[in-house]
Amino acid sequence: MNPNDPRAELRRFVMELPKAELHVHLEGTMEPELYLAMAARNGLATPYADAEAVRQRLREARDLPSFIRIYEELIGAIRSAQDFRDLAMAFYAKAQSQGVIYAEVFFDPQLHLERGVPLAAIFGGLERARLEAAQTLGFAARYIMCFLRDRPAEDALQVLRDSAPWRDEFIGIGLDNPEVDGFPQKFAAVYAEARAMGLRLTTHCDVGQPNTVAHHWGALDVLGVERIDHGLNVLDDPKLVEAVRARRIGLTAAPTLFYTDIPGRMEYRAGAIRRLLDEGLLVSVNSDDPGMKRSLYVGDLMLRVQQTTGVSRAALVQLARNSFVTAWLPDAEREACLARLDAYVAAHPEPMPA
Ligand SMILES: [Zn+2]
């Protein structure tokens, strides 16, 4: 591509645009190469000859249950604090290469506890990566503990209580995995206890789920969340649009679905992001499970949204601004991030049309 090509110019602008990532699952950042290296050093047999074979397997996921099966298979390679550290550091370096200067990263302790990996290994690795990223990359990160919606609420509560010794290592809680019956009401007590502990609150409301409007209202009014992960179906109810705007709820949208795109899905998701922006809602673009979804990170995805919907450069800047506004940052850190964004935009005026 010619470097003076306006598309090349836009690509550079987006890749270096300072932004935050607020919806990424640490486990889902596992790239095929890292999976194979981790499995080998942990002495695990895998059925894959090489990274391409892992990618081929990832291409088989066409719905959430099949995706979760592959996901759980690949994260079976994570065993030790060193593994968690390596996984997180690989993500931080990759995210930084696409202009991300701050990340709030989900991790799912239940997925690891079920495999016999203790909380001490999880938190030990996460903390080492966070400190190392700050020191060696100048990259800031915090963690969000996620619970599995298809497991009993009592299990979530137990994990939350068992994590008390590492309370300073995570800033909030979330919910992921399939959006089952009883969500979100069944987690009301977990959220009340987390709130009392001073934790911040978010939850997934996945795209196109049954009873999605009721689930969004429950997230707001029963769980009392400050953000919704995905949240595109807010658009289904004008009153919900109004409430999300008035309460300044962050929507952490993620454009990619699986390793292989399903026709029309990127168009739907990117179009919804554009409409949420047009409604003045605090939506941002996020990578979700980039290692298992075609290695598309936030910069790549903002470009996809732009290419798919034709949004303006100002809209892309607004998406980045929203990521900082809805991040769970102390005020001084937020101001510093926004100042960095403003300085970047001021230094990169939009080229005049030829
Ligand atoms: Zn997610």
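Above this text you will find the structure in question.
Let us look at the structure shown here. Because the structure is predicted, anything quoted here is derived from the model rather than measured. The residue numbering used here restarts from 1 in each chain and proceeds along that chain's sequence as written. Only residues with pLDDT of at least 70 are given local features in this predicted model, and only at 80 or more are side-chain atom pairs given and counted; all residues enter the totals for whole chains, interfaces and linings. Side-chain measures here rest on the full set of heavy atoms in the structure, leaving out hydrogens and waters.

### Things to note about the environment of Pro18
The secondary structure listing takes helices from DSSP runs of H or I that are at least 4 residues long and strands from runs of E that are at least 2 residues long, numbered from the N terminus. Among the structural elements, Pro18 can be located in the loop between helix 1 (6-16) and strand 1 (19-25). Along the sequence, Pro18 and Ala81 sit 63 residues apart, while their C-alpha atoms lie 30 Å from each other. If we skip the residues at most four places from it in the chain, Pro18 touches Gly99, Ile101, Ala320, Phe324, Arg340, Leu341 and Tyr344. Contacts: residue pairs with any heavy atoms within 4.5 Å of one another.

### Quick word on the nonpolar core
Working definition of a nonpolar core: buried Ala, Val, Leu, Ile, Met, Phe, Trp, Tyr and Cys residues. They are joined through side-chain atoms within 4.5 Å. Categorising residues by exposure relies on relative accessible area from a 1.4 Å probe, with only protein chains included: less than 20% of the type maximum marks a residue as buried, more than 50% marks it as exposed, and the intermediate range marks it as partly exposed. Core analysis: the largest hydrophobic core is formed by 124 residues, its most contacted members being Tyr92, Ile173 and Val190. Ignoring any residue separated from it by four or fewer positions in sequence, one finds Ile173 in contact with Ile144, Met145, Phe147, Leu160, Val190, Tyr191, Ala194, Leu199, Arg200, Leu201 and Thr202.

### Things to note about helix 5 (residues 81-96)
The span one expects for a helix is its residue count, reduced by one, times 1.5 Å. Here helix 5 contains 16 residues, and its C-alpha end-to-end distance of 22 Å stays within 8% of the 22 Å for a straight helix at 1.5 Å per residue. The secondary structure elements touched by the buried residues of helix 5 are strand 1, helix 2 (32-41), strand 2 (100-107), helix 6 (109-113), helix 7 (119-137) and strand 3 (140-148).

### Quick word on unusual backbone geometry
Of note, the amide linkage connecting Phe183 to Pro184 takes the cis form, showing an omega dihedral of 0°. Positive phi, close to 80°, is recorded for His230, a residue that is not glycine. Along the chain, the position of His230 falls in strand 6 (residues 227-230). When its relative accessible area of 5% is taken as the criterion, His230 is described as buried. In this structure, Arg294 is a non-glycine residue whose phi angle is positive, near 70°. Structurally, the position occupied by Arg294 is in the loop between strand 8 (282-285) and helix 13 (298-309). Among the residues examined, Arg294 registers a relative accessible area of 21% and is labelled partly exposed.

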